[in-house]
Amino acid sequence: MTLFLVAIAILVFSGLAAIFFANRSRIATALGAGGALVGCVLGLEPSFRGLFRASAESLQLPWHVPGGAFHVQLDALSAFFLIPIFVLAALAAVYGGEYLLAYRDTKTLAPQWFFFNLFVASMALVVVARNVVLFLVSWEVMSVSAFFLVTFEHEKRDVRVAGWIYLVATHLGAAFLLAMFLLLGRQAHSLDFDDFAAVASHLTPASAGLIFVLALFGFGAKAGFVPLHVWLPEAHPAAPSHVSALMSGVMIKIGIYGVLRTMMFLGKPAAWWGPVLVIIGLTGGVLGVSLAVFQRDLKRALAYSSIENVGLIMLALGVGVWGITSGHPTVAILGLAGGLLHIWNHSLMKGLMFLSAGSVLHGTGTKDLERLGGLMKRMPRTGVAMTLGALAIAAVPPLNGFVSEWLIYMAMLRGGLEFTGVSRTALLLAVGVLALIGGLASICFVRLIGIVLLGESRSSEARHAHESSGWMTAPLGVLAVFCVVAGMFPRALVSIFSQTVEQVFGISAGDFTATLNSPQSPLAILGMLNVIVWSALILGALILLVLHKNSRAVADATWGCGYVAPTTRMQYTGQSFAELMVTRLFPKSLRPKTSIVAPQGLFPSDGKLATEYPDPLSCGVYQPFFERWAERFAQLRWVQQGKLHYYLLYFVVVLVVALAWVVFRGWVMP
Amino acid sequence: MNPLLDLILVAVLLLNFVALGASQLRTVIHAVALQGVLLGATIVVAHSTVTVWVIVMAGAVIALKGVVIPRMLFHAIREVVIRREVDPIIGCIASLLLGGVGTALAVLFSKTLPIAHEHIGSLVVPAALSTVLTGFLILTTRVKAISQVVGYLVLENGIFIFGLLLVEAMPFLVEIGVLLDLFVAIFVMGIIIYQISQEFSTVSTRKLSALKE
């Protein structure tokens, strides 16, 4: 615990120290990134120990804040989330040091490092906080520091808009959390998490359900559950890439942590929770991946893919909870294992994808798919890392994404066998939906990889792209290796989640590992298969290499089959690749908005074509809603006089009215 | 009930009227500085046992409220050359009258407030309320940025007096109050006065309405 607190302190103080070197970008970077790296590495050790310990380590210090106590506890659930936080943050810090230096002539980097380190420290504090005040304070620090990280390039209008959308969304979520904690606190007569768990048995089903729904809204806004996801596709592209990697890789998972922690407070889950989580997961998965398929902005597509993956995680956890409430432990264990494994896997793969997208952005200066292309030749290391990440996210066999999705399939199919009645049909239908999600995800990532890395460059920026330096490609390499290794040893990886599952869901660690090693889930064989596939691939590559050495091919254009002078006009564009699916499969509301002015007449003048990619929910629901309210509030404009004295007068009036109310109440009800 | 404390609070109340009625900025600042010194003294008086820490706290309050902030205010008057009159929106007599009404109301209000038993009959709550109201009165009726700072200081003094109720139970709040003073000193002086005189070449807050959307 001491080591953990030291790590947090290093993070905070190195960030503070960086502030003092506002004019010396290199020193600020060294202090900020170095401090983050040291802090994260130190924090990893207690986190790993926490993962295996049955009894939690806790610390309680007195705190002057009313209702608050500095109560932190490192249990298996906290440790489960701390590890991805620290691993990804350490890599993102190394990467970000180099990534941000490109801006050093135009911007001060010190505040960015201050907020980065504060962001990491507050995320770590959120998952260990065991007091409502401490939790909410860390939660707010996390949200607000992320806001400042997102608005790094605040001179751009899109970035400012994205920042505001994020800030509004996160605060709406926090409002739900406040309501939830007030409800829990009133029941428990305390603001300490330990006391919440004690009152679980006294809660009526209605109030437990209300708390659960509030948690879904409050934490869901952070995790990106549809329809609360609208900030993700705005904020992720706007943020610097290492920040998007951290936000998408771990911050949205903190929302899932919140849901799991709330379920711990509430004790035995009610029967309807599992299906609700499954529905949340399926809608998130389908909507996220459908919108990811045709996005033109590389990072925006990745953001939608994050919504999809959070959907998959919730789907798996939902199936697990459903298994618990309906008394099918095998289904429960497979579902929970799949969900938890996917949380870790997604941190690795999405971190990898965002960091390589950042490397592309760094090397070419654009993230517009229609201006990229042919980068495999110019940025080989980034290209290989990105391909591995895409294969992993698309759940292609020898990588880690496949293993967790396979567990989710197993859980659902087993549920289809064991459940009865309507839930059986529903779950089997959901398997079909999951398959649809998987198919769309493969199309999405084939498109991203194909358009960005293969073919001819579509612009001069892409033609003159340069590979990023080792500071940026090394973290990519580390994450890619993690993705490969995690795919090879799934059984070992999943079995270290046993304490977490026991603690949150009350399934004993022994049962958990036993079921996963049983013939019903041949995880070991799966890992072995992945090893075999890798060996075959490497062997094949070696054979090809040897053969290639003997027969040296000569470049010859005579029979070029039309590719003698390849131009970008011969290849698929990002849009045309997705065109068939978008126009044939998707309902109109999901499609990108295209406005065409067709050339007309015998001597046609110029035509026009413009395509926009708005989020169907934000432009169909939220925008009209907020605009209507903005109109109503505009009628109150006369209150804003622009004179300080008037505003102060408002204060006095409110104060006097409040005092008068107290006095009046005293007279009426003595 | 603490007769010495009440005596000091009566002086604080009288200084409120001086701050409201004086026509010279210089007098107003002197009044507020004296009020700050008296408040520092109240910390010592309000504690039943006087420790070194209490003395340090009181010293810090006196130094900040009584010396540092007034000096900065005088410095500001000299630096951005402004006329030395108060320049109120409503006249001095009217302000005094309003202040009197406010104080009377404060005494009435405090009778009906649900206060802990040991504080009933003491002047702490009426003095706090009336000082807060005086602060607001200065803030709303004076034009110059420097009077706004003075108004804010008086308002803050009122909040500080409220803190005396909790001085034994929650010393933390009083310490935070000292920090708030530092905040005033740096924030208000640095930003508001400097910026206003820079941007508008005047220190009247009336010009701030140019920022209205």
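Note that the structure is a prediction, hence the values are computed from the model and not measured.

Q: An account of the overall build of chain A is needed here, citing residue identities and associated values.
A: A count of helices and strands for chain A gives 26 helices and four strands. Here chain A has a C-alpha radius of gyration of 26 Å; the compact-globule value for 670 residues is 26 Å, and the two agree. On the principal axes, the C-alpha backbone points of chain A span a range of 105 × 70 × 55 Å. Pairs at least 24 apart in sequence give 79% of the contacts found in chain A among residues at least 6 apart.

Q: Can you break down the packing of helix 12 (residues 298-325) of chain A against helix 13 (residues 329-364) of chain A residue by residue, with the values?
A: Following both chains from N to C, one finds helix 12 of chain A and helix 13 of chain A inclined at 170°, their axes separated by 7 Å at the closest point. What the angle tells us is that helix 12 of chain A and helix 13 of chain A run roughly antiparallel.

Q: Break down unusual backbone geometry for me, with residues and values.
A: All names here are of chain A. Across the junction of Val226 and Pro227, the peptide omega takes the value 10°, indicating a cis bond. Secondary-structure assignment places Pro227 in the loop between helix 8 (205-223) and helix 9 (232-238). We note that His189 has phi near 55°; this positive angle belongs to a residue other than glycine. The backbone phi angle of Ala395 is positive, close to 60°, even though this residue is not glycine.

Q: Outline the domain arrangement of chain A, supporting the account with residue identities and numerical values.
A: Considered domain by domain, chain A is made up of domain 1 (293-547 + 571-591) and domain 2 (616-668). Of note, the centres of domain 1 of chain A and domain 2 of chain A, computed from C-alpha atoms alone, are 48 Å apart.

Q: Pulling in residues and values, what's your account of the environment of Val161 of chain A?
A: Tracing the chain through its elements places Val161 of chain A in helix 6 (residues 157-188). Sequence-wise, Val161 of chain A and Ala238 of chain A are 77 residues apart; in three dimensions their C-alpha atoms are separated by 9.4 Å.

Q: Can you break down helix 11 (residues 273-293) of chain A residue by residue, with the values?
A: Each full turn of the α-helix corresponds to 3.6 residues, which orients residues three or four apart in the same direction. With 21 residues, helix 11 of chain A extends 30 Å between its outermost C-alpha atoms, agreeing within 8% with the 30 Å of an ideal straight helix rising 1.5 Å per residue. Extensive coverage of helix 11 of chain A is indicated by the burial of 16 of its 21 residues.

Q: Run through the nonpolar core, naming residues and quoting values.
A: Of all hydrophobic cores here, the largest spans 209 residues; its most connected members are Ala89, Val120 and Cys483 of chain A. Sort the elements by how many residues they give to this core and helix 3 (residues 76-101) of chain A lands first, with 20 residues. Beyond its immediate stretch of four places on either side in the chain, Cys483 of chain A contacts Leu348, Met349, Leu352, Leu388, Gly389, Ala392, Leu399 and Asn400 of chain A. Val32, Leu39, Ile69 and Leu129 of chain B belong to the second largest nonpolar core, which has 50 residues in total.

Q: Please give an account of the confidence of the model for chain B that cites residues and values.
A: Residue and element names in this part refer to chain B. When pLDDT is averaged across chain B, the result is 78; 72% of the residues are at 70 or more. Across chain B, element-level confidence peaks in helix 1 (residues 3-21) with a mean pLDDT of 89 and bottoms out in helix 7 (residues 171-200) with 63. Confidence estimates for the predicted assembly give a pTM of 0.82 and an ipTM of 0.72.

Cut-off values and rules
- Residues numbered from 1 in each chain as written.
- Chains lettered and ligands numbered in written order.
- Predicted model: local features only at pLDDT ≥ 70, side-chain atom pairs only at ≥ 80, totals over all residues.
- Helix = DSSP H or I, 4+ residues; strand = E, 2+ residues; numbered from the N terminus.
- Rg over C-alpha atoms; globule rule 2.2 N^0.38 Å.
- Contact = placed C-beta atoms within 7 Å.
- Axes fitted to C-alpha atoms, helices over the stretch in contact; angles between N-to-C directions.
- Parallel < 35°, antiparallel > 145°, perpendicular 65-115°, else oblique.
- Domains from an automatic or database assignment.
- Expected span 1.5 Å × (residues − 1).
- Buried ≥ 20, exposed ≤ 12 C-beta atoms within 10 Å, placed from the backbone.
- Core = buried A, V, L, I, M, F, W, Y, C linked by C-beta atoms within 7 Å.
- pLDDT = per-residue confidence, 0-100.

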